[in-house]
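Close look at the chain arrangement
Here is what each chain is made of, one letter per residue.
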Amino acid sequence: MVEPSGVLGVAMVALGMVLTPGPNMIYLVSRSITQGRRAGVISLGGVAVGFLVYLLATNLGLSVVFLAVPELYVAVKLAGAAYLAYLAWNALRPGGVSVFAPEELPHDSSRKLFTMGLMTNLLNPKIAIMYLSLIPQFISLEAGNVLLQGFLLGSVQIAVALTVNLGIVLAAGAIAAFLARRPSWLRVQRYLMGTALGLLAVSVATDTSAPARA
């Protein structure tokens, strides 16, 4: 049985991370604005499968690999921090563009939208770190089957992330139109997003914790 405190803890972590601008949000918003809500929902389907891949891999022993080869874990973490720093620079640099600013993108097929959503999530350092380091900390050895707890807690994260992301997909067009009429707000949103990404990059790079055992 999963402890209620563990469910609440994972839900709060998941909510905080999904509301922090990152690769998933950027991709989903850009597709929803340029190609419509349907494209955003299809892309979100790929993101959902990415969550399931991480859920299965983590609970079936991926964390053991990182525990056995800590240098690999450090390399993945630093690569993720570098990618977040790159996204932060793109938002904060002179002439940077807000995630909600419309831009011309080619219209992709449903298969490509789904695949890009999947790959964006699989290569998202926030998600990798959450599954490898954060969620296992809410598992209680006294509460019973550890594997079942891992799957249940991961399901809570997926439910929170998909619910919030679906709301973002459905509202992206309206938000973009609102901000387009208020250029100063668009700049503020860009700076806030860039700052959040930069702080997350520093946090990831300086985190000295090791992956927890699932």
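Residues numbered from 1 in each chain as written. Predicted model: local features only at pLDDT ≥ 70, side-chain atom pairs only at ≥ 80, totals over all residues. Heavy atoms only, no water.

Let's talk about the overall build of the protein
Formally: Counting from the N terminus, the helices are DSSP H or I runs at least four residues long and the strands are E runs at least two residues long. For every residue, the accessible area obtained with a 1.4 Å probe (protein chains only) is divided by the maximum for its type, and the residue is called buried under 20%, exposed over 50%, and partly exposed between those limits. The contact definition used throughout considers only heavy atoms, calling two residues in contact when any of these lie within 4.5 Å. In short, Shrake-Rupley with a 1.4 Å probe defines the accessible areas, and a residue's cover is counted only from the protein chains shown.
For the protein, the helix and strand inventory stands at 8 helices and 0 strands. Listed N to C, the secondary structure of the protein is α-α-α-α-α-α-α-α in terms of helices and strands. A burial count over the protein gives 45% of its 214 residues as buried. Within the protein, contacts between residues separated by at least 24 positions form 86% of all contacts whose residues are at least 6 apart in sequence. Only carbon and sulfur atoms are counted for the fraction: they give 71% of the accessible area of the protein, which is about 10,600 Å².

Here's the deal with the side chain of Thr58
Stated formally: N or O atoms within 3.5 Å of each other form a polar contact, as long as, within protein, one can give a hydrogen and the other can take it, and as long as residues adjacent in sequence are counted only when both atoms are side-chain atoms.
Secondary-structure assignment places Thr58 in helix H3 (residues 37-68). You can call Thr58 buried: its relative accessible area is 4%. Here the side chain of Thr58 touches Tyr54 through a polar contact of 2.7 Å, landing on its backbone oxygen.

Topic: the nonpolar core
To be explicit about the condition: We define the nonpolar core as a collection of buried residues of types Ala, Val, Leu, Ile, Met, Phe, Trp, Tyr and Cys that are connected through side-chain atoms lying within 4.5 Å of one another.
Of all hydrophobic cores here, the largest spans 25 residues; its most connected members are Phe51, Ile127, Met130, Tyr131, Ile135 and Leu153. For this core, the secondary structure elements donating two or more residues are helix H1 (4-19), helix H2 (23-35), H3, helix H6 (125-134) and helix H7 (146-180). Ranked by residues supplied to this core, first place goes to H7 with 7 residues. Excluding residues that lie within four positions of it along the chain, Tyr131 makes contacts with Phe51, Tyr54, Leu55, Thr58, Pro136, Gly154, Gln157 and Ile158.

Examining H1
Put simply, the test is: Expected span of a helix: the number of residues minus one, times 1.5 Å. Read the arc as the range of directions from the helix axis to the C-beta atoms.
Between its first and last C-alpha atoms H1 spans 23 Å; for 16 residues at 1.5 Å apiece the expected length is 22 Å, and the two agree. Listed as buried for H1 are Gly6, Gly9, Val10, Ala14, Met17 and Val18. Buried residues of H1 fall within an arc of 155° about the axis and therefore sit on the same side. Exposed positions of H1 whose direction lies more than 90 degrees from the buried face are Pro4, Ser5, Leu8, Met12 and Leu19.

Description of the environment of Leu200
If you trace the backbone, Leu200 turns up in helix H8 (residues 183-206). The spatial distance from the C-alpha of Leu200 to the C-alpha of Thr20 is 8.7 Å, given a sequence separation of 180 residues.

With respect to a nonpolar patch on the surface
Cut-off, in case you're wondering: Two joining distances apply to patches: 9 Å for like charges and 5 Å for nonpolar side chains (Val, Leu, Ile, Met, Phe, Trp, Tyr), and every residue must have over 30% relative accessible area and no salt bridge. Definition used for salt bridges: Asp or Glu carboxyl oxygen within 4 Å of a side-chain nitrogen of Lys or Arg.
A cluster of nonpolar side chains, Val41, Leu166 and Leu170, forms an exposed patch at the surface whose accessible area comes to about 210 Å². Following the sequence through the fold, Leu170 ends up in helix H7. Leu170 gets classed as partly exposed once you look at its relative accessible area, which sits at 37%.

Quick look at the side chain of Ser30
Inspection of the secondary structure assignment puts Ser30 in helix H2. Residue classification places Ser30 among the buried positions, given a relative accessible area of 14%. Polar side-chain contacts of Ser30 include one of 2.8 Å to the backbone oxygen of Tyr27.

Concerning the packing of H2 against helix H5 (residues 110-122)
To keep things clear, this is the line we draw: Structural elements are reduced to axes, namely lines fitted to C-alpha atoms, with helices fitted over the stretch in contact, and the angle between N-to-C directions of any two is expressed from 0 to 180 degrees. Angular relationships are summarised with four words: roughly parallel below 35 degrees, roughly antiparallel beyond 145, roughly perpendicular across 65 to 115, and oblique for the angles in between. Handedness of each helix crossing follows the sense of rotation of the near helix against the far helix: counterclockwise by less than a right angle gives left-handed, clockwise gives right-handed. Three classes are used, and their members are as follows: Ala, Val, Leu, Ile, Met, Phe, Trp, Tyr, Cys and Pro are nonpolar, Asp, Glu, Lys and Arg are charged, and the others, Gly among them, are polar.
Between H2 and H5, the least distance of the axes is 9 Å, while the angle of their chain directions is 160°. By the angle between their axes, H2 is roughly antiparallel relative to H5. Relative to H5, H2 is oriented so that their crossing is right-handed. In contact with Pro23, Asn24, Tyr27, Arg31 and Gln35 of H2, H5 contributes Lys112, Leu113, Met116, Gly117, Thr120 and Asn121. Tallied by class, residues from the contact of H2 with H5 come to 4 nonpolar, 5 polar and 2 charged.

Observations regarding the confidence of the model for the protein
Quick note on the threshold: Think of pLDDT as the predictor's per-residue confidence, scored from 0 to 100.
The predicted model of the protein has a mean per-residue pLDDT of 77, with 75% of residues at 70 or higher. Of all the helices and strands in the protein, helix H4 (residues 70-92) carries the lowest mean pLDDT, 71, while H5 carries the highest, 91.

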